[in-house]
Amino acid sequence: MFNKKAKPYTELLGKTNRIVEGTIIKGDIISTADFRLDGELIGNFQSTGKLVIGPSGSIIGDIICNNADIEGKFNGNIQVTEVLNVKSKASIHGEVTVGKLSVEPGADFSASCVMKINVKKLYITDGQENKQTKTN
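Quick caveat: nothing in here was measured; it's all calculated off a predicted structure.

The rules we used
- Residues numbered from 1 in each chain as written.
- Predicted model: local features only at pLDDT ≥ 70, side-chain atom pairs only at ≥ 80, totals over all residues.
- Heavy atoms only, no water.
- Pairing = 2+ DSSP bridges.
- Helix = DSSP H or I, 4+ residues; strand = E, 2+ residues; numbered from the N terminus.
- Salt bridge = Lys/Arg side-chain N within 4 Å of Asp/Glu carboxyl O.
- Buried < 20%, exposed > 50% of the residue type's maximum accessible area, 1.4 Å probe, protein only.
- Core = buried A, V, L, I, M, F, W, Y, C linked by side-chain atoms within 4.5 Å.
- Contact = heavy atoms within 4.5 Å.
- Patch = residues over 30% accessible without salt bridge, like charges linked within 9 Å, V, L, I, M, F, W, Y side chains within 5 Å.
- Areas by Shrake-Rupley, 256 points an atom, 1.4 Å probe, with all protein chains shown as cover.

Quick word on the pairing of strand E11 (residues 73-86)
- Note that strand E8 (residues 58-60) and E11 share three bridges and pair parallel. Note that in E11 the partner of Ser58 across the bridge is Lys73.
- Two strands pair when backbone bridges link them, and strand E9 (residues 63-65) and E11 are joined in this way by three bridges, in the parallel orientation. Each residue of the ladder has a partner; that of Cys65, found in E11, is Val80.
- Pairing geometry for strand E10 (residues 67-70) and E11, over three bridges, is parallel. Looking at the pairing, Ile70 lines up with Val86 of E11.
- Examined bridge by bridge, E11 and strand E12 (residues 91-103) share 12 bridges and lie parallel to one another. In the sheet register, Asn85 faces E12, and the bridge partner there is Ser102.

Brief notes about the pattern of salt bridges
- Inspection of the entire model under this criterion finds three salt bridges.
- With a closest N to O distance of 2.9 Å, Asp38 and Arg36 form a salt bridge.
- Judged by its relative accessible area of 25%, Arg36 falls in the partly exposed class.
- Put simply, Asp69 and Lys50 hold a salt bridge, and the shortest N to O gap is 3.1 Å.

So, the nonpolar core
- Grouped together as the largest cluster of nonpolar side chains are 22 residues, with contacts concentrated most on Phe45, Leu51, Ile59, Ile63, Ile70, Ile78 and Leu84.
- Going through the elements one at a time, strand E4 (34-37), strand E7 (50-53), E9, E10, E11 and E12 are the ones with two or more residues in this core.
- Here this core takes five residues from E11, the largest share from any one element.
- Setting aside its immediate chain neighbours within four residues, Ile63 contacts Phe45, Leu51, Ile53, Phe74, Asn77, Ile78 and Gln79.

Overview of a nonpolar patch on the surface
- On the surface, a cluster of nonpolar side chains totalling about 260 Å² of accessible area is made up of Ile24, Ile42 and Ile60.
- Looking at the secondary structure, you find Ile24 in strand E2 (residues 24-26).

Purely spatial values, then, with no claim about function.
Dropping the structure here:
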């Protein structure tokens, strides 16, 4: 009656990569899965998934992703094809290109911002970024 099939460990956690607080990465990260960063990245980040920068996380470099929630610090250029959520404790400096933008009161949003009507889909292949215009 209560026999449930055991799920694989990766399914229980979801397919989210995590970089924990106290970790510093110097270099580029390319991922097709969602990503949570509570450490520090000095370099570029690309993903076809969602990026979450936690309250202790920081990125100095460029970001390309589908969705992003930023609660930590970011300095550079960011391109989010769908929704960028900037939390109240976030600090963003640089250039922002988004489909939709949400900024909570209290956030430090010191960036130029462009909202794109024609959202572009990103395809990552072997570390090379390919853009394709989405048609409706």
